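The primary structure of each chain is shown beneath.
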Amino acid sequence: MARPAGDPQEPVARVPGRAAGGGTDGGPDAELDRIASFLTRLTGLLLRTSGEGSELIAREVGAAGRALGAEVSVLLVMETATLTVTVPDGRTRTVIVYAAPEVARLDRIAALKPLVADVRAGRAGAAEASARLDRIEAAPAPYPWWLKLLGIVLFSLGFAPLMQPTWYELGTTAVLATTAAALAVASDRVPRLARVLPLVASLAVSVVTLELFAGDPAHGGPVLLMLPALFFFVPGDYLSAAAAELGAGLVTTGAIRLVYAVFLLVQLCVGVLLGVYGTGTSTRALFDTAADADLPRWVLFASWTVFTVGTLLAFAIPRRFFWHLLALVYLTVAVQSAATALVGETGGTFVAAVVLAAVATLLSRGPDRPPRLLLVLPGFFTLTVGSLGMRGLTTLAGGVMWWTASRTCWNSSWSSPPSRWGWSSAPRWCRTGRREGNPLFRPAEVRLT
């Protein structure tokens with residue numbers, strides 16, 4: 001998903017005592033410098049695209065270094081790597097690489113896989129590999145900005161029926177996702193906006209939703225109306241990668257990534273709450289109730305095709321991988337639906353994730369196959385790992401106040417005679433659950449048990 005990564009520059013590399021990629025065209029250090037320069041840039045690009053976690057980076061860089069005749073030691077955290085490159089005669093280079101992770105240009109991952117395969121197989125030396133890496137880094141995005149904007153909108157529209165299968169949800173998502181997509185595209189050209197993009201996007205979506213679309217509770221809770229448009233910014237990939245890193249024993253890297261993912265979720269939550277305060281809406285309005293479904297089944301089925309097209313455009317995935325991604329999306333949805341019917345929602349999600357990971361790993365074998373991350377990502381999005389976190393955060397403020405008000409109903413109904421059950425003196429909205437006089441704006445939901 002889109003992340004506030006600061007200025008959109010190439011990875012920063014620092015070689016203590018020597019400029020990155022330094023050295024002369026000849027001399028004993030020239031080949032070492034070429035190897036170190038290539039491995040530095042390769043590490044930086046892998047760090048920037050470490051959507052599956054960073055545990056695979058050391059393996060890839062180490063294998064490439066050995067193929068070039070050097071031993072490589074890699075110390076990794078989420079956004080930084082320290083490389084020590086040693087050639088057989090004992091000469092070394094130590095390089096520090098900084099690159100903020102993102103999942104924005106997956107076309108680079110697709111181009112990087114055959115390059116690394118050629119280096120590992122001995123078909124490309126350091127000079128040729130560096131030249132090919134130059135072309136990968138200099139290549140423009142495969143789609144223009146307006147197609148990326150369209151992709152984010154389609155990405156959100158495809159996801160919307162999962163929140164609420166209603167025509168109203170689709171209509172509001174089209175407007176809200178266009179707003180969020182315009183900000184995402186603008187952030188590519190405005191680095192300062194990129195740093196606070198989740199906050200700004202959630203604020204804009206919150207204001208538009210509360211002012212234009214959240215007036216009638218029959219259309220569902222405001223959070224469910226907002227979430228599809230903000231799904232592009234939800235760090236579900238970071239949360240899963242952090243869990244994988246912690247499970248693999250990479251405690252520092254996993255903990256940092258987990259904290260950063262929570263920070264991004266908090267930005268989204270704070271943006272929504274700022275919109276609530278800015279429009280003068282009570283936080284009690286942030287209820288999380290779905291409307292009655294009115295979408296036909298064929299729309300629900302077709303939405304995943306729309307979602308896959310949006311993923312392709314939004315994340316710059318080459319067109320040749322479309323059918324692979326579409327098949328895996330429908331496979332994931334089918335497995336999750338079947339397993340949920342048997343073992344429940346949590347178990348169904350787990351089974352679907354296992355099947356998706358296994359099939360993607362199998363299909364990605366071989367240098368001419370799609371990279372595993374490209375195959376996993378769209379199907380992974382259907383499991384909504386991060387969206388549930390944001391949904392919980394944004395309803396927390398309203399939920400706490402709802403619990404408090406329910407306690408008020410309970411106390412007032414039990415403490416005031418003359419009725420044995422105390423209902424005569426309780427507020428009318430406590431007794432009836434109706435909207436009139438109800439400060440929570442949640443009809444037919446007060447039930448004292």
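Residues numbered from 1 in each chain as written. Predicted model: local features only at pLDDT ≥ 70, side-chain atom pairs only at ≥ 80, totals over all residues. Heavy atoms only, no water.

Caption draft 1: Focus on the environment of Tyr 98. Topologically, Tyr 98 is positioned in strand E4 (residues 92-98). Once the C-alpha coordinates of Tyr 98 and Thr 40 are considered, the two residues, 58 residues apart in sequence, prove to be 9.8 Å apart. (Helix = DSSP H or I, 4+ residues; strand = E, 2+ residues; numbered from the N terminus.)

Caption draft 2: Structural detail: unusual backbone geometry. Of note, Ala 316 is a non-glycine position whose phi angle comes to about 55°, a positive value. Checked against the element boundaries, Ala 316 lands in the loop between helix H12 (297-314) and helix H13 (322-343).

Caption draft 3: Just a nonpolar patch on the surface, in detail. The grouping of Leu 203, Val 207, Leu 246, Val 251, Leu 258, Val 262, Val 266, Val 270, Leu 274 and Tyr 277 at the surface amounts to a nonpolar patch, some 760 Å² of accessible area in total. Elements with a minimum of two residues in the nonpolar patch: helix H8 (197-213) and helix H11 (251-278). Of the residues forming the nonpolar patch, the biggest block, 7 residues, is contributed by H11. Positionally, Val 207 belongs in helix H8. Residue class for Val 207 comes out partly exposed when judged on its relative accessible area of 32%. (Patch = residues over 30% accessible without salt bridge, like charges linked within 9 Å, V, L, I, M, F, W, Y side chains within 5 Å. Areas by Shrake-Rupley, 256 points an atom, 1.4 Å probe, with all protein chains shown as cover. Salt bridge = Lys/Arg side-chain N within 4 Å of Asp/Glu carboxyl O. Buried < 20%, exposed > 50% of the residue type's maximum accessible area, 1.4 Å probe, protein only.)

Caption draft 4: Local environment of the nonpolar core. Judged by nonpolar contacts, the single largest core of 70 residues is most densely connected at Leu 106, Phe 232, Phe 233, Phe 315, Ile 317 and Phe 381. Tallying contributions element by element places H11 first for this core, with 8 residues. Ranked by size, the runner-up nonpolar core spans 32 residues in total, among them Ala 64, Val 72, Leu 83 and Leu 112. (Core = buried A, V, L, I, M, F, W, Y, C linked by side-chain atoms within 4.5 Å.)

Caption draft 5: How the structure looks around the side chain of Thr 172. As for its placement among the helices and strands, Thr 172 is situated in helix H6 (residues 167-187). The class for Thr 172 is buried, based on a relative accessible area of 1%. There is a polar contact of 3.0 Å between the side chain of Thr 172 and the backbone oxygen of Glu 169. Non-local contacts of Thr 172, meaning those with residues more than four positions away in its chain, are made with Phe 213 and Leu 225. (Polar contact = N/O pair within 3.5 Å; in protein donor to acceptor, adjacent residues only side chain to side chain. Contact = heavy atoms within 4.5 Å.)

Caption draft 6: A look at the packing of aromatic side chains. All told, the structure shown has 17 aromatic pairs when counted by the stated rule. Each residue in the set Phe 155, Phe 159, Phe 231, Phe 232, Phe 233, Trp 304, Phe 307, Phe 315, Phe 380 and Phe 381 is aromatic and connected to the rest through ring pairs, giving one cluster. Lying across the ring of Tyr 238, Arg 257 places its NZ or CZ 5.8 Å from the centre. (Phe/Tyr/Trp six-rings, centres within 6.5 Å; stacked < 30°, edge-to-face > 60°. Lys NZ or Arg CZ within 6 Å of the ring centre and 35° of its normal.)

Caption draft 7: Representation of the pairing of strand E2 (residues 71-76) within the structure. Bridge analysis of E2 against strand E3 (residues 80-86) gives 6 bridges, and the strand direction is antiparallel. Opposite Val 74, over in E3, you have Leu 83 as the bridge partner. Between the end of E2 and the start of E3, which pair antiparallel, lie 3 residues. (Pairing = 2+ DSSP bridges.)

Caption draft 8: View of the pattern of salt bridges. Taken as a whole and judged by the stated rule, the model has 11 salt bridges. One salt bridge connects Glu 245 with Arg 257, and the closest N-O pair in it is separated by 3.0 Å. Of this pair, Glu 245 sits in helix H10 (residues 236-247) while Arg 257 sits in helix H11; the two residues are 12 residues apart in sequence, bridging distant segments of the chain. Overall, Glu 245 belongs to the buried group, its relative accessible area being 0%. Taking the relative accessible area as the measure of exposure, Arg 257 reaches 0% and is therefore buried. A single network of salt bridges, built from pairs that share partners, joins Arg 41, Asp 134 and Glu 137.

Caption draft 9: Local environment of the confidence of the model for the chain. Residue-level pLDDT values for the chain average 79, and 78% of them are 70 or greater. Ignoring residues within four places in sequence, the model shows residues 15-24, a span with pLDDT below 50, making 14 contacts including any to other chains. (pLDDT = per-residue confidence, 0-100.)

Caption draft 10: Molecular detail of H12. Relative to the 26 Å expected for 18 residues at 1.5 Å per residue, H12 spans 26 Å between its end C-alpha atoms, a close match to the ideal helical length. Val 299, Ser 303, Trp 304, Phe 307, Thr 308, Gly 310, Thr 311, Leu 312, Leu 313 and Ala 314 are the residues of H12 that are buried. On its buried side, H12 packs onto helix H5 (145-163), H6, H13 and helix H15 (372-381). Following H12 by one or two positions, Ala 316 adopts a phi angle in the positive range, close to 55°. (Expected span 1.5 Å × (residues − 1).)

Caption draft 11: Just the pairing of E3, in detail. As paired strands, E3 and E4 are joined by 7 bridges and run antiparallel to one another. Residue Thr 82 lies in a different strand from E4, and its bridge partner there is Ile 96. Linking E3 back to E4 in an antiparallel pair, the connection comprises 5 residues, with Gly 90 at a positive phi of about 100°.

Caption draft 12: How the structure looks around the environment of Leu 32. Turning to its location among the elements, Leu 32 is positioned in helix H1 (residues 30-48). Along the primary structure Leu 32 and Thr 92 are separated by 60 residues, whereas in three dimensions their C-alpha atoms are 7.8 Å apart. Ignoring any residue separated from it by four or fewer positions in sequence, one finds Leu 32 in contact with Val 85, Val 87, Arg 91, Thr 92 and Arg 93.

Caption draft 13: Examining the packing of helix H3 (residues 106-120) against helix H4 (residues 126-138) more closely. Two numbers describe how H3 lies on H4: the axes approach to 10 Å, and their chain directions differ by 175°. With respect to H4, the axis of H3 lies roughly antiparallel. Contact residues: Arg 108, Ala 111, Leu 112, Pro 114, Leu 115, Asp 118 and Val 119 in H3; Ala 129, Arg 132, Leu 133, Ile 136 and Glu 137 in H4. (Axes fitted to C-alpha atoms, helices over the stretch in contact; angles between N-to-C directions. Parallel < 35°, antiparallel > 145°, perpendicular 65-115°, else oblique.)

Caption draft 14: Fine view of the packing of H13 against helix H14 (residues 345-363). The geometry of H13 relative to H14 is characterised by a closest axis approach of 7 Å and an angle of 150° between their N-to-C directions. Crossing angle aside, the handedness with which H13 passes H14 is right-handed. Contacts from Leu 328, Leu 331, Thr 332, Val 335, Gln 336, Ala 339, Thr 340 and Val 343 of H13 reach H14 at Glu 345, Gly 347, Gly 348, Thr 349, Val 351, Ala 352, Val 355, Leu 356, Val 359 and Leu 363. (Left-handed = near helix turned anticlockwise from the far one by under 90°.)

Caption draft 15: Spotlight on H15. Counting buried residues along H15, 9 of its 10 residues qualify, which places the element largely inside the surrounding structure. Buried within H15 we find Leu 373, Leu 374, Leu 375, Val 376, Leu 377, Pro 378, Gly 379, Phe 380 and Phe 381.

Caption draft 16: Spatial organisation of the side chain of Thr 253. For Thr 253, the location among the structural elements is in helix H11. For Thr 253, a relative accessible area of 3% puts it in the buried group. For Thr 253, the residues in contact, after removing those within four places along its chain, are Ser 54, Leu 76, Val 77, Met 78 and Glu 245.

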